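# Analysis of the macromolecular model
Here is what each chain is made of, one letter per residue.
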Amino acid sequence: MRLSAYFMPTLKETPSDAEIVSHRLMLRAGMVRQASAGIYSWLPLGFRVLKRIEQIVREEQDRAGCQELLMPTIQSADLWRQSGRYDDYGKEMLRIEDRHGRDMLYGPTNEELITDIFRHAIRSYRELPRLLYHIQWKFRDEVRPRFGVMRGREFLMKDGYSFDLDHEGAKRAYNKMFVAYLRTFARMGLKAIPMEAETGPIGGKLSHEFIILADTGETTVFCHADLLDHDVLAEDPDYEGDLSLLVDDWTRAYARTDDKHEPAAFEAEVPEDRRIERRGIEVGHIFYFGTKYSEPIGALVTDADGQSHAVHMGSYGIGVSRRAGAIIEASHDDKGIVWPEPVAPFKVGLINLRASDQACSAACEDLYGKLRGAGVEVLYDDRDESAGAKFADMDLIGLPWQLIVGPRGVKAGVVELKSRATDDREELSPDSALARMTGS
Ligand code: 5CA
């Protein structure tokens, strides 16, 4: 992509109404624009990041045996009356009346709808277990939408749902999602720690929040420092095998959000120098709630003896759009965003330091063509701007690599490769730079 033709409206000034760094940087880098309170448009750069995050989530869900479908954003109120949540959800739910006077709503979550789909399709234990998910926009009329996409009113969520004959089966599904979540977040370059949490309006007793430690997080969390050292991606999990040992490893040490925190237990279980008390961002939340929805909605299956049972369910959420903000909270410096490579909007920014210089531009065009030819995602700053402005913009948008090409270097047969994260710079031949970027 050529920056001269790319729609990336960056801002020089820091927007005054943005309270936290991710919100400021997303606005300044031209990733999002607010449409109204807590509702955002995703501009091309931001949209690329959203798609990247979504794709990692999708791959890990698929790997764990969860199947993707797509449910609508607008739902009928009838099912919500059946589950009892039409009233319980209160003002957070956006209620809509259609032209026939029927009560509709913009879904804040999908337990009712998926349970309804399930009950019309599946009657026997032979067709269990089932794991289904979708990635869809949600609406919650939060009292105080704030922090940009971190607490929006409209936001993108991956919500998954499991269906099993009994508690044991449901626990297996819960463990699968638990492990899939650890992998998902680790692949995005950051550590999310599972913590015991309250279940709120989703319900049930067993629940874990996945928390990223960051000073601007909305919850206070308490955990054992050992949890920060666990390596998640070291081994490939066997989703058909027994995952309970792996889950036990992660849940043995103390890790709780403030609403579940017990100071005495924390002090008894964790040595003083290993106690972590920090702010955290909730990027995922998983629940086991048994028959809370299947009973009132009538999702029944027969067992081997022909007995009928309400199916045991869990639900599993990841804040996809929140995640974009959360990554920035955890990965930035005073110049701008520092994208972990797996979620970066482009892998490399190619900077032409003098667009008016023919040799310099020819060298850039050559690199640009070859990078694209090799399938490397590259943003080429071909604009007629000062070097300073180009460096500042490239640092602001935080692509992992910068390939800097100037007239003097071209004469000497070298370009500069800079790592955004470490600021390490290396002079090398254009061919070596290409080899580095293409991994060949
Ligand atoms: N049905 C369940 C799981 S599928 C559910 O709705 N869970 S939740 O309420 O915990 O939301 C799941 C995830 O969505 C949260 O972990 C959080 O990352 C994200 N989320 C929730 N509310 C917002 C919001 N207002 N803005 C952005 N992301 C949000």
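Only a predicted model underlies this, so the values are computations on that prediction, with no experimental measurement involved.

The next thing to look at is the packing of aromatic side chains. Tallying each qualifying case throughout the model produces 13 aromatic pairs. Between Phe 178 and Phe 210 the ring centres are 5.5 Å apart and the planes differ by 65°, which places this aromatic pair in the edge-to-face class. A residue pair is termed long-range when its members are at least 10 positions apart, and Phe 178 in helix α6 (residues 167-187) and Phe 210 in strand β10 (residues 206-213) qualify at 32 residues. Judged by its relative accessible area of 0%, Phe 178 falls in the buried class. By way of ring pairs, the aromatic residues Phe 178, Tyr 181, Phe 185 and Phe 210 are connected into one cluster. A cation over a ring is seen here: Arg 95 above Tyr 86, with NZ or CZ 4.6 Å from the ring centre.

Our next topic: the environment of Cys 364. By secondary structure assignment, the location of Cys 364 is in helix α11 (residues 358-373). Along the sequence, Cys 364 and Leu 165 sit 199 residues apart, while their C-alpha atoms lie 61 Å from each other. For Cys 364, the contacting residues outside a window of four places in its chain are Leu 350, Ile 351, Asn 352, Tyr 380 and Val 405.

Around the ligand, the surrounding shell holds 22 residues, and the nearest of these are Thr 109, Glu 111, Arg 140, Gly 152 and Glu 282. Contact distances for the ligand include 2.7 Å between a nitrogen atom and a side-chain N or O atom of Thr 109. With respect to the ligand, the side chain of Glu 142 contributes an N or O atom lying 2.9 Å from a nitrogen atom. The protein chains hide 96% of the 610 Å² of surface that the ligand would expose on its own. Of all the secondary structure elements, the ones that give two or more residues to the shell around the ligand are β8 (154-164), β13 (275-290) and β16 (312-319). Ranked by residue count, the leading element in the shell around the ligand is β13, at five residues.

Reading guide: rules and limits
- Residues numbered from 1 in each chain as written.
- Predicted model: local features only at pLDDT ≥ 70, side-chain atom pairs only at ≥ 80, totals over all residues.
- Heavy atoms only, no water.
- Phe/Tyr/Trp six-rings, centres within 6.5 Å; stacked < 30°, edge-to-face > 60°.
- Helix = DSSP H or I, 4+ residues; strand = E, 2+ residues; numbered from the N terminus.
- Buried < 20%, exposed > 50% of the residue type's maximum accessible area, 1.4 Å probe, protein only.
- Lys NZ or Arg CZ within 6 Å of the ring centre and 35° of its normal.
- Contact = heavy atoms within 4.5 Å.
- Near = heavy atom within 4 Å.
- Polar contact = N/O pair within 3.5 Å; in protein donor to acceptor, adjacent residues only side chain to side chain.
- Areas by Shrake-Rupley, 256 points an atom, 1.4 Å probe, with all protein chains shown as cover.

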